[in-house]
Amino acid sequence: MSKIPSNLKYQLYESSVQNHECDIEFINKQYKKFFKKPALTFREDFGGTAAMACDWVKQSPDHKAWGIDLDPEPIAYGKENHYSRLNDNQKSRMEYIEGNVLADYPFKADITVAFNFSYFIFKERRLLVEYFAKVKEGLSKDGVFFVDIFGGTEARQELQEETEHDNHTYFWDCDSYNTLTEEVLYYIHFKDHKDGKMYRKAFTYDWRMWSVGEIKDAMLDAGFSNVVTYWEGTDDDGTGDGEFYSSKDEENCESWVTYIAAMP
Ligand SMILES: C[S@@+](CC[C@H](N)C(=O)[O-])C[C@H]1O[C@@H](n2cnc3c(N)ncnc32)[C@H](O)[C@@H]1O
């Protein structure tokens, strides 16, 4: 089994799972709807390479961002491949923090995000609520915390999904799911089309599956006063159209991804 070089690992990851242009458009639109003004300060929790935070500061000279992650490896990739492409003024408004999302930070953000389901790392409800309470403390008065979440009838079973991209295949592999504890073990594998090399277990996620209802309750228990749940619209053929609307009641389907917003 080949070990994936670090640069290739994050390059393939970002092109497989991230769409932060759409995420930024969505959170900007929702924030304006809530507070009738633009959000300026942005905290990307579990930021990894913090590609989204680097894009955030491109919006105007008043936009500022922080990307927080424990792991120096994705931070180094992000500095080399995203931060380095910012101009000096943008650089002065973007800060990488190698640290724990559970720690205290001396700044407030209009928007904090925890995307790509990263908060599923907290398997105990007590820790999840502690994390949400920290996020709330770090939000401006007019602040919003956004998370994404996935589910569906196919989400809680051992199953491997394959997605073809121009230069690689992406595998999202649910290796095990424990229905009694909701603990789940996911791997990401890649196949590089250029040399045909298969990189197994490029990423490992030892998570707990949480439902929208559980996350909403945990956010309220952490002190948030208002939680908004969203759902994705569909095209004529029934596939997701990328447009998310606020909703409180939807039918389950095989596989879905959506957002939750929480306000202090
Ligand atoms: C699934 S990746 C998410 C990367 C990026 N946010 C995205 O949307 O693609 C999860 C990241 O969370 C980081 N992480 C895990 N526990 C953390 C913690 N307690 N504090 C900060 N970062 C953490 C890992 O190092 C990893 O980079």
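Residues numbered from 1 in each chain as written. Predicted model: local features only at pLDDT ≥ 70, side-chain atom pairs only at ≥ 80, totals over all residues.

Some details on the packing of helix 6 (residues 125-137) against helix 7 (residues 212-221)
Now for step 1: Relative to each other, helix 6 and helix 7 sit at 60 degrees, their axes nearing to 8 Å. In terms of orientation, helix 6 lies oblique with respect to helix 7. Where helix 6 crosses over helix 7, the handedness of that crossing is right-handed. Facing helix 6, whose interface residues are Arg125, Leu128, Val129 and Phe132, helix 7 presents Ala218, Met219 and Asp221. (Axes fitted to C-alpha atoms, helices over the stretch in contact; angles between N-to-C directions. Helix = DSSP H or I, 4+ residues; strand = E, 2+ residues; numbered from the N terminus. Parallel < 35°, antiparallel > 145°, perpendicular 65-115°, else oblique. Left-handed = near helix turned anticlockwise from the far one by under 90°. Contact = placed C-beta atoms within 7 Å.)

Quick notes on the site of the ligand
Now for step 1: Around the ligand, the surrounding shell holds 17 residues, and the nearest of these are Phe46, Gly48, Asp71, Val101 and Asn116.
Now for step 2: Looking at side-chain class alone, the shell around the ligand contains nine nonpolar, six polar and two charged residues. (Near = placed C-beta within 6 Å. Nonpolar A, V, L, I, M, F, W, Y, C, P; charged D, E, K, R; others polar.)

Some remarks on the sheet that holds strand 11 (residues 240-246)
Two orientations exist for strands paired in a sheet by backbone hydrogen bonds: parallel and antiparallel.
Now for step 1: Spatially, the eight strands line up as an open sheet ordered 3-2-1-4-5-12-10-11, and their pairing is mixed. In the strand order of this sheet, the two ends are held by strand 3 (94-98) and strand 11, each with one partner. Adjacent strand axes in the sheet meet at a mean angle of 20 degrees when their direction is disregarded.
Now for step 2: Against the sheet, helix 7 engages strand 5 (139-151), strand 10 (226-234) and strand 12 (256-263), with an angle of about 155 degrees to strand 10. (Pairing = 2+ DSSP bridges.)

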